[in-house]
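# A closer look at the structure
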Amino acid sequence: MEDKKILSYMREMLNSNEKLDCGTAFKIAKKFSKNIEEIGKLANENNIRIDNCELGQFGHLDFEKGKIEVLKELEPKLDHKRRIFCEEARDIAQKSCSLKSMRSALKAYKIDVKYCKLGCFKEKKGKQFIIRTKTWIENSDGDLLFGKGKTELLELIGQTGSLLHASKLMGINYKKAWMHLQVLQKNSQEILVSTRQGRSKESGTKLTPRAIELMENFALLQKDIEEYANKRFKELFLKHKKN
């Protein structure tokens, strides 16, 4: 009898595409004091499809720029294939950030979710071939201009407005972070940050418009390279699977 009541309520809560949003499913589970797995099973048995995964695996929810501090929370939970359990990702989001920040970080840093609590997707069987790319920019002397490692510092400065806070999030001391920044500015021959001095050692550090432009262009370059590499990889290595 209770399942019929839940099912009736579930159908009332379907979205405009006649699907049940992931977030709505969790609210229904809470409302009826059910495990989310039970809600997923009931939906599946009655051919109700789940939509708009709150971790961004499918659907049309919005994203923001991925935050490195969220990545730092995720990394200890990742397996060797850079995957995380649905439940663990949601727990981190509840304690440390938000679901929007979580799905944005998962997307930005290419982290997959496994074992959906609603049962929406299953583990892929068999060995999978994956192409990986790594991009960095050097000057004619071989000095690093832009790459994922040191430019992580710039991202954190942009997010925190502080070189000191950025260094803490990276797990390095202030002096080492300052040296990283000086090397980047010297090699790129660009002014990347502006610092306001106050009574304390540092009252605020901001990225210059040029630094933001360089970071955005580098991100676009990485995206273009990854998309081409993935497309070409499929053409060369996976074409036999289509036959």
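The structure we're discussing is the one just above.
Only a predicted model underlies this, so the values are computations on that prediction, with no experimental measurement involved.

Listed in full, the buried residues belonging to helix α7 (residues 152-160) are E152, L153, L154, L156 and I157. Phi turns positive one or two residues past the end of α7, at G161, with a value near 70°.

With a phi close to 55°, K110 is a non-glycine residue in the positive phi region. Mapped onto the secondary structure, K110 falls in the loop between α6 (99-108) and β4 (112-114). On the accessibility criterion, K110 (47% relative accessible area) is partly exposed. Non-glycine residue Y115 carries a positive phi angle of around 55°. For Y115, the position within the fold is in the loop between β4 and β5 (137-138).

The full count for this structure, using the stated rule, is zero disulfides. Free of any disulfide, C53 has its nearest neighbouring cysteine sulfur in C22, separated by 5.1 Å. Residue C53 is classed as buried on the basis of its relative accessible area, which comes to 8%.

Conventions used here
Residues numbered from 1 in each chain as written. Predicted model: local features only at pLDDT ≥ 70, side-chain atom pairs only at ≥ 80, totals over all residues. Heavy atoms only, no water. Buried < 20%, exposed > 50% of the residue type's maximum accessible area, 1.4 Å probe, protein only. Helix = DSSP H or I, 4+ residues; strand = E, 2+ residues; numbered from the N terminus. Disulfide = S-S within 2.5 Å.

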